[in-house]
Amino acid sequence: LGSKAMSLQEEDELSEPHLSVAARHSSERPASDTHFLVRGSHSYSPVLLASESQPSLLRETSQESCFDLLAVNPDDVAKQLSLLDLALFKRIEISEFADGGWVAPDKLSRAPNVVLFTQRFNSISFWVQAEVLEPAAPHERARVIAYFIRVGKRLLDYGNLNGLMAVVSALTSAAVHRLADTWKLLSASEVSRYARLQDVVSREENFKNMREFIQSGKLPCVPFLGFYLTDIMFHQTAVKQGVPGAADKVQGVYQEIQRLQRSEYTFLCVGFIREYLQSREYNDILQVVDRHFSRSEALEPRVTQKTPAKQDVKPKLKTLPTRLRQRGHRTAFSLGGFEALFRTPSPLPFGARSSEALAAADGSADNDSRESAATAAAA
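In every chain, residue numbers begin from 1 and rise along the written sequence. Only residues with pLDDT of at least 70 get local features here, since the model is predicted, and only at 80 or more are side-chain atom pairs given and counted; chain-wide, interface and lining totals rely on the full set of residues. Note: side-chain values were computed over all heavy atoms of the structure, leaving out hydrogens and water.

Novice: Looking at this structure, I do not really get the packing of helix α6 (residues 112-133) against helix α16 (residues 285-299). What am I missing?
Specialist: For any two helices packed against each other, the geometry is given by the interaxial angle and the distance between the axes. Each axis is a line fitted through C-alpha atoms, taken for helices only over the stretch in contact, and angles between the N-to-C directions span 0 to 180 degrees. Helix and strand assignments come from DSSP, with helices taken as H or I runs of at least 4 residues and strands as E runs of at least 2, each series counted from the N terminus. Where α6 contacts α16, the axes come no closer than 10 Å and their chain directions differ by 20 degrees. One element, α6, and the other, α16, form an angle in the roughly parallel class. Of the two elements, α6 crosses α16, and the hand of that crossing is left-handed. Contacts between α6 and α16 involve N122, F126, Q129, A130 and L133 from the former and I285, V288, V289, H292, R295, S296 and L299 from the latter. Residues are grouped as follows: Ala, Val, Leu, Ile, Met, Phe, Trp, Tyr, Cys and Pro are nonpolar; Asp, Glu, Lys and Arg are charged; every other residue, Gly included, is polar. The residue makeup of the contact of α6 with α16, split by class, is seven nonpolar, four polar and one charged. Between 65 and 115 degrees an angle is taken as roughly perpendicular, under 35 as roughly parallel, over 145 as roughly antiparallel, and anywhere else as oblique. Crossing handedness is defined as follows: a turn of the near helix away from the far one that is anticlockwise and smaller than a right angle gives a left-handed crossing, while the clockwise case is right-handed. Two residues form a contact once any of their heavy atoms are found within 4.5 Å.

Now the structure itself:
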């Protein structure tokens, strides 16, 4: 895993120029003459960077305008995501893990910060999906996917496994993964980089690679909280069952979380990027999933293989000897016509084999034979 992380750090090239906020500003407040691109309905218009003395970027622009994400350096997006994720992670208190409070009906009061952290994870994942699904052209969607692959690489460099997991989860979602015409436009290097990111956050062997990354002791690190919640629930259940050593394992998980909460980032806070990321909220998960998948199918409809039409071949009429329905034998009839093959006489009550019933069945069979003969003669 270490060699894979090193190889990702060595890939420092970017295929297109970006506005690097951190490189151009030495203080938290941006210069007043600095501009940022906002994509309008027809053209690009310069807008001042947001600061304490300036109106918000999102409020300043018209409703027809939107934040041009691809104009921002992926490194800056990864840094602001890491600052937001770490701030939420450090707010979690150990008492919120007691008795599975994060899944209880009153979870908002028992584990408010755990719930907020998981909701933020979902929002980032849905935001990435929405950005990929916005462009109508496949090559534009491929640019967005390549952009988030670079964001994911930077998140790994900064130890933000939670953000990296959210990005990879978005790109592997059904709505994005099925876009075959889009994925085939990625370069070989981008596909290879994405495969290594997937390997880092793989769920195989209970998140073995991610656990090794965390256990290396390197800080700062924002973990993916999902497998910690699973560990805590498992060990707490073992404690209730009286399993020896289970309580110590619970405490061990708590201590690991507290160690990671001592992480610190020294990145500058960039107001307009931070505000944009915080505005990406998705509350109704089911509706978002349905909407994204519908959009995906509209962009790249399902390809159905056309099967050759079956030729209508009329079966040859055959006249077979009449056989009566008897216990222990499969039902057979006088097959004067093709329809008679699928016509079953009304069944008798179990065990009733009266002579009247047999005679009635035999008469019906003879009528079938006579009808078949008449049909053949007419032909």
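Novice: Teacher, can you tell me more about unusual backbone geometry here?
Specialist: Glycine aside, negative phi is the norm for most residues, and most peptide bonds take the trans geometry. Residue P220 follows L219 across a cis peptide bond; omega there is 5 degrees. Locating P220 in the fold gives a position in the loop between α12 (204-215) and α13 (225-240). Not every positive phi belongs to a glycine, and D99 is a case in point at roughly 55 degrees. With respect to the helices, strands and loops of the structure, D99 is situated in the loop between α4 (74-90) and α5 (107-110). In this structure D99 comes out as exposed when scored by relative accessible area, which is 55%. The backbone of N206 shows a phi angle near 60 degrees, a positive value even though the residue is not glycine. The residue N206 is located in helix α12 in this model. Exposure categories follow from relative accessible area, calculated using a 1.4 Å probe and restricted to protein chains: below 20% of the type maximum is buried, above 50% is exposed, and the middle band is partly exposed.

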